[in-house]
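The residues making up each chain are set out below.
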Amino acid sequence: MNIIITGSTGLIGLYLLSKIKQENYLIDCVVRSTSNTQGIEEINLKINYFVGDTSSVETWDKILAQRTPEVIVHIASILHTEAIVESLKKAEKNPRLIVIGTTGIYSKYRESAEDYKKMETRLDEYSGSYCLLRPTMIYGSHRDKNLHKLIKFCDRYGFFPVFGPGENLIQPVHADDLAQAILTALQRPHIQGAYDLSGGTVVTFRELLTLVGKLLGKPVRQISLPLNAGVWSATILENLLKERSPVRREQILRLQEDKAYPHDAAQRDLDFFPRTLEEGLGQEVELMRSLGMISS
Ligand SMILES: NC(=O)c1ccc[n+]([C@@H]2O[C@H](COP(=O)([O-])OP(=O)(O)OC[C@H]3O[C@@H](n4cnc5c(N)ncnc54)[C@H](OP(=O)(O)O)[C@@H]3O)[C@@H](O)[C@H]2O)c1
């Protein structure tokens, strides 16, 4: 079976390639000219590369002129779906699409929620079959964009600011569990439609900080601050530093939202049984320790 994979140099992609190693697939990875493929090389898989930008129709036109894939696993960004579907239509090819979306689609503060919805509609109009997997916040290693920074900060400073009550619910999901769900979707071609993929534990933000303290073996002080203070600071930082700002206004506003979503459908159809947060974060902390990224 020929599979094209995007996002293979990222957190989910590398976990997926490690799992796919055992399968007898013919794999093409779409990478950018700037992508660091060292992680892929270390997995030691026979892979063909296409170099391009997955948001560009031209990239897909070039790939589809050379390949008729059975499946495209699109991890890089659901926002590129339009380019893929347009190119597939031109090429008159209709492989199964497995696309990584986001539960951010449910947010009333998420600026891109409308764009995500538009892309989900495009996917729904696609003439072939598709499976859309929507993760919650992803964690799993020093490559994640979320919890590893929080762990590092807590380790270094022994405190973390809590804007507002800090009682909002979150349900982070481990990237390795997501990779397993993608692999299962690959192995079950009859599975179609959208699935929310959340982690094995629902916690409040305050409970997350307590857990991080427990895993680091030292308490993390929770500094309570008014939500408005966070919104103002993030707005100022974003205006001054633009893309380099460590925090975005939207992230602070979203602290008011519960971001826990059931994954019963995925459990039923994809045997999705994600690990608990204590187990997954424990593994991440251990990994960060072994890499010398945290002291305790
Ligand atoms: N982070 C979260 O908490 C979160 C939550 C829900 C959903 N998601 C979704 O999960 C997916 C990615 O997860 P991840 O954690 O594996 O991300 P990641 O580690 O940041 O990896 C992103 C991957 O996509 C590739 N990529 C991005 N833009 C590209 C482009 N224009 N052309 C070609 N390749 C491109 C990157 O290539 P390079 O190596 O060149 O950068 C990298 O391989 C995204 O669809 C994201 O929307 C993320």
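Residues numbered from 1 in each chain as written. Predicted model: local features only at pLDDT ≥ 70, side-chain atom pairs only at ≥ 80, totals over all residues. Heavy atoms only, no water.

(A) Local environment of the overall build of the protein chain. A tally of helices and strands in the protein chain yields twelve helices and 13 strands. Taken against the 2.2 N^0.38 rule, which gives 19 Å for 296 residues, the C-alpha radius of gyration of the protein chain at 20 Å falls within 12% of a compact globule. For the protein chain, the spread of C-alpha atoms along the principal axes amounts to about 55 × 40 × 35 Å. A separation of at least 24 residues holds for 77% of the contacts in the protein chain among residues at least 6 apart in sequence. Summed over all atoms, the accessible surface of the protein chain reaches about 14400 Å², with 50% contributed by carbon and sulfur. Averaging the coordinates of the 35 positive side-chain charges in the protein chain and doing the same for the 36 negative ones gives two points 5 Å apart. (Helix = DSSP H or I, 4+ residues; strand = E, 2+ residues; numbered from the N terminus. Rg over C-alpha atoms; globule rule 2.2 N^0.38 Å. Contact = heavy atoms within 4.5 Å. Areas by Shrake-Rupley, 256 points an atom, 1.4 Å probe, with all protein chains shown as cover. Lys, Arg positive; Asp, Glu negative; His and termini not counted. Charge placed at Lys NZ, Arg CZ, Asp CG, Glu CD.)

(B) Expanded view of the environment of T59. Here T59 shows up in helix 3 (residues 57-66). On the basis of relative accessible area, T59 is assigned to the buried category, the value being 11%. A C-alpha to C-alpha distance of 9.0 Å links T59 and A83, two positions 24 residues apart in sequence. Discounting chain neighbours no more than four positions away, the residues touching T59 are V30, G52 and D53. (Buried < 20%, exposed > 50% of the residue type's maximum accessible area, 1.4 Å probe, protein only.)

(C) Layout of the sheet that holds strand 3 (residues 47-51). An order of 3-2-1-4-5-6-11 is seen for the seven strands of this open sheet, with the pairing classed as parallel. A strand with exactly one partner marks an edge of an open sheet, and here the two such strands are strand 3 and strand 11 (193-197). Averaged over all pairs of adjacent strands, the angle between their axes in this sheet comes to 15 degrees, without regard to strand direction. By the bridge criterion, four bridges tie strand 4 (residues 71-74) to strand 5 (residues 96-100) in an arrangement that is parallel. Bridge pairing in strand 5 places I72 opposite L97. (Pairing = 2+ DSSP bridges. Axes fitted to C-alpha atoms, helices over the stretch in contact; angles between N-to-C directions.)

(D) Spatial organisation of the pairing of strand 11. Most of strand 11 sits inside the fold, with four of its five residues counted as buried. Strand direction decides the pairing type here: strand 6 (residues 130-135) and strand 11, joined by five bridges, are parallel. The residue of strand 11 that forms the bridge with L133 is Y195.

(E) Inspection of the site of the ligand at higher detail. Taken together, 24 residues lie near the ligand, and T9, S35, D53, I75 and K145 sit nearest. Between the ligand and I75, the relevant distance is 2.7 Å, taken from an oxygen atom to a main-chain nitrogen or oxygen of the residue. In terms of residue class, the shell around the ligand is made up of eight nonpolar, 13 polar and three charged. (Near = heavy atom within 4 Å. Polar contact = N/O pair within 3.5 Å; in protein donor to acceptor, adjacent residues only side chain to side chain. Nonpolar A, V, L, I, M, F, W, Y, C, P; charged D, E, K, R; others polar.)

(F) Expanded view of the state of the cysteines. If you walk through the whole model with that rule in mind, you get zero disulfides. Left unpaired, C131 is separated from the closest cysteine sulfur, that of C29, by 19 Å. We classify C131 as buried; its relative accessible area is 0%. (Disulfide = S-S within 2.5 Å.)

(G) Inspection of the packing of helix 1 (residues 11-20) against helix 7 (residues 175-187) at higher detail. Close contact between helix 1 and helix 7 brings their axes to 8 Å; oriented N to C, the two are set at 55 degrees. By the angle between their directions, the pair helix 1 and helix 7 is classed as oblique. Note that helix 1 runs across helix 7; the crossing there is right-handed. Facing L11, I12, Y15, L16, K19 and I20 of helix 1, the residues of helix 7 in contact are A175, D176, L178, A179, Q180, I182, L183 and L186. Class assignment of the residues belonging to the contact of helix 1 with helix 7 gives a composition of eleven nonpolar, one polar and two charged. (Parallel < 35°, antiparallel > 145°, perpendicular 65-115°, else oblique. Left-handed = near helix turned anticlockwise from the far one by under 90°.)

(H) Looking closely at the nonpolar core. I5, L16, V73, I98, L133, I182 and L186 are the most contacted members of the largest nonpolar core, which totals 38 residues. For this core, the leading source of residues is helix 7, giving eight residues. Not counting residues within four places of it along the chain, the set of residues in contact with L16 comprises I5, V73, I75, A179, I182 and L183. (Core = buried A, V, L, I, M, F, W, Y, C linked by side-chain atoms within 4.5 Å.)

By themselves, these observations are geometric and do not establish any function.
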